[in-house]
Amino acid sequence: MSNYKILFQGDSITDSGRMLDTTAGFPQHGLGPGYPSIITGKLQLAYPQIEFENSNRGISGNNIYHLYSRWRREALDLAPDMLSMLIGINDSALESRTAEYGKDPLSFGDVYRALLSWCRKINPDIRFVLLEPFLLPANDEHKSWLPALQERQSELRKIAKEFDADFIDLQRIFDEACTVKPAAFWSADGVHPSLAGHHLIANAWCEKVKF
């Protein structure tokens, strides 16, 4: 294995300010300062024989339907060898906030499956890494999101089995981390990880995904 393309897709957690990242003049090659960049650095150290060509196409505010609308140009056309995806918290929040939103966990699962199926149709050997959407409730509004989020978490576990994907159970990982340090240490607002939170995601990813 010489060249290997990993595509990171998702919402603001994956985005992590990638378009604004010019820290110390080092642009991170468009990966941003969050977990995609941390993972890439770990992989480069662990597997120097592989030339990783990683890209980040996460966009802040996205839900599964946003991904659907841009999947051709920002997933299929990039021809990744591996797709790593973290999506679902915005879907859960919108369902809880907007009665007429009309997006239930089943349709979330249907669209998610369609995205993976399209990737596999183009590349039967593509590998999937599916990261569970998570929440560390910081207020009462967050708590109202939990039923919708938990249904999506359950649906994603089924999808991971169906597609023989690597599944990273971030809710459990963050819940366990909160027994060591308070939730605000891992995420100030309960949704977006701190630097330590991004490293927690990256460590879990690299422990699960081997080459």
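Use the structure listed above.
1. Details of the pattern of salt bridges
As enumerated under the stated definition, the model contains eight salt bridges in all. Residue Asp169 pairs with Arg172 through a salt bridge whose shortest N-O separation is 2.6 Å. Judged by relative accessible area, Asp169 falls into the buried class, the value being 17%. A relative accessible area of 38% means that Arg172 is categorised as partly exposed. Because the salt bridges share partners, they merge into one network encompassing Arg113, Glu155 and Glu162.

2. Digging into the sheet that holds strand S5 (residues 82–86)
To summarise the sheet geometry, strands pair through backbone hydrogen bonds and adopt either a parallel or an antiparallel arrangement. Strand order in the open sheet formed by five strands is S4-S2-S5-S6-S7, and the pairing between neighbours is parallel. Looking at strand neighbours, the two that pair on one side only are strand S4 (55–56) and strand S7 (166–168), the edges of this open sheet. Where S5 lies against strand S6 (residues 127–131), five bridges are found, and the strand directions are parallel. Paired with Met82 across the bridge in S6 is Arg127. Lying on the sheet, helix H9 (residues 195–208) is in contact with strand S2 (6–10), S5, S6 and S7; it crosses S7 at an angle near 150 degrees.

3. As for helix H2 (residues 35–46)
Compared with the 16 Å implied by 1.5 Å per residue over twelve residues, the 16 Å span of H2 between its first and last C-alpha is a close match. Within H2 the residues assigned to the buried category are Tyr35, Pro36, Ser37, Ile38, Ile39, Thr40 and Leu43.

4. Quick word on the pairing of S2
Counting buried positions over the five residues of S2 gives five, a clear majority of the element. As defined by bridge partners, S2 adjoins S5 across five bridges and the pair is classed as parallel. The partner of Leu7 across the bridge, within S5, is Leu83. Here two bridges tie S2 to S4, and the two strands are oriented parallel to one another. Bridge assignment links Phe8 to a residue of S4, and that residue is Asn56.

5. Topic: the pairing of S5
Where burial is concerned, most of S5 is hidden: five out of the five residues are buried. In S5, alternate side chains face the same way, and those of Met82, Ser84 and Leu86 on one face and Leu83 and Met85 on the other are all buried.

Cut-off values and rules
- Residues numbered from 1 in each chain as written.
- Predicted model: local features only at pLDDT ≥ 70, side-chain atom pairs only at ≥ 80, totals over all residues.
- Heavy atoms only, no water.
- Salt bridge = Lys/Arg side-chain N within 4 Å of Asp/Glu carboxyl O.
- Buried < 20%, exposed > 50% of the residue type's maximum accessible area, 1.4 Å probe, protein only.
- Pairing = 2+ DSSP bridges.
- Helix = DSSP H or I, 4+ residues; strand = E, 2+ residues; numbered from the N terminus.
- Contact = heavy atoms within 4.5 Å.
- Axes fitted to C-alpha atoms, helices over the stretch in contact; angles between N-to-C directions.
- Expected span 1.5 Å × (residues − 1).

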